[in-house]
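Close look at the chain arrangement
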Amino acid sequence: MSYKEETVEAGTFMAYTIQYTGRTTNSRGYSANETEVWLYAPAVKNFIKLTQNQGDFHYVEELIEYSKPK
């Protein structure tokens, strides 16, 4: 969706915004619409923030500390 500076608790990073929209189901009959937004920072080689909405479930995971490898 974009590539720009994003700020999280661990700092500010250039990050790609990636959005997934779909449906989650399981063998027990659970079914819900789902939207995920990932902020992927190449400098970290991982995501710095994930926001997930699945039915009435809301989840956020964010990088809170980062130090550059030596």
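In this numbering scheme, every chain counts its residues from 1 along its sequence in written order. Where totals are concerned, whole chains, interfaces and linings use all residues; where local detail is concerned, this predicted model gives features only for residues with pLDDT of at least 70, and gives and counts side-chain atom pairs only at 80 or more. For the side-chain quantities, the full set of heavy atoms in the structure was used; hydrogens and water were omitted.

**Comments concerning the overall build of the chain**
Note the following rule: Note on conventions: DSSP H or I runs of at least 4 residues are helices, E runs of at least 2 residues are strands, and numbering of each starts at the N terminus. Between the two quantities, the radius of gyration covers C-alpha atoms and the globule rule is 2.2 Å times the number of residues to the power 0.38. Exposure classes here rest on a 1.4 Å probe applied to the protein chains alone. A residue is buried below 20% of its type maximum, exposed above 50%, and partly exposed in between.
Helix and strand content of the chain: 0 helices and 5 strands. Ordering the α and β elements of the chain from the N terminus gives β-β-β-β-β. Relative to its length of 70 residues, the chain is extended, with a C-alpha radius of gyration of 14 Å against a globular reference of 11 Å. Projecting the C-alpha coordinates of the chain onto the three principal axes gives extents of approximately 50 × 20 × 20 Å. Burial status across the chain gives 21% buried among its 70 residues.

**Quick notes on the side chain of Q52**
The test is simple: Within 3.5 Å is the distance limit for a polar contact, defined as a pair of N or O atoms, with the added protein rule that one can donate a hydrogen and the other accept it, and that residues adjacent in sequence qualify only through two side-chain atoms. For this analysis, residues touch if any pair of their heavy atoms sits within 4.5 Å.
Mapped onto the elements, Q52 comes out in strand β4 (residues 46–54). On the basis of relative accessibility, which here comes to 14%, the residue Q52 falls in the buried class. For Q52, the side chain forms a polar contact with the side chain of E34, separated by 2.8 Å. Every residue in contact with Q52, bar those within four places of it in the chain, is listed here: E34, T35, E36, F57, H58 and Y59.

**Here we look at the packing of aromatic side chains**
Formally: Centres within 6.5 Å are what make two rings of Phe, Tyr or Trp a pair, Trp counting through its six-membered ring; a difference in plane orientation under 30 degrees is then read as stacked, over 60 as edge-to-face, and the rest as tilted.
A complete count under the given rule lists 4 aromatic pairs for this structure. With 6.2 Å between their ring centres and 10° between their planes, F57 and Y59 make a pair best called stacked. Residue classification places F57 among the partly exposed residues on the basis of a relative accessible area of 39%.

**Structural notes on the confidence of the model for the chain**
Definition in use: A residue's pLDDT is simply how confident the predictor is in it, with values from 0 to 100.
Confidence in the prediction of the chain, expressed as mean pLDDT, is 93, and 100% of residues score 70 or more. When pLDDT is averaged over each element of the chain, strand β1 (residues 2–8) comes out on top at 97 and strand β5 (residues 57–62) at the bottom at 94.

**A few points about the pairing of β1**
Keep this limit in mind: Two strands are counted as paired when DSSP detects at least two bridges linking them.
Of the strand pairs in this sheet, β1 and strand β2 (residues 11–25) are connected by 7 bridges, and their pairing is antiparallel. Bridging from a neighbouring strand, T7 pairs with T12 of β2. Linking β1 to β2, which pair antiparallel, is a turn of 2 residues.

**Concerning a nonpolar patch on the surface**
This is how the line gets drawn: Exposure above 30% relative accessible area and the lack of any salt bridge qualify a residue for a patch; like charges then connect within 9 Å, and the nonpolar side chains Val, Leu, Ile, Met, Phe, Trp and Tyr within 5 Å. Computed with a 1.4 Å probe, the accessible areas rest on the Shrake-Rupley method; for each residue, only the protein chains presented here act as cover. We define a salt bridge as a contact between a side-chain nitrogen of Lys or Arg and a carboxyl oxygen of Asp or Glu at a distance within 4 Å.
Together, Y3, M14, Y16, I18 and Y40 give the surface a local cluster of nonpolar side chains, amounting to about 460 Å² of exposed area. Sort the elements by how many residues they give to the nonpolar patch and β2 lands first, with 3 residues.

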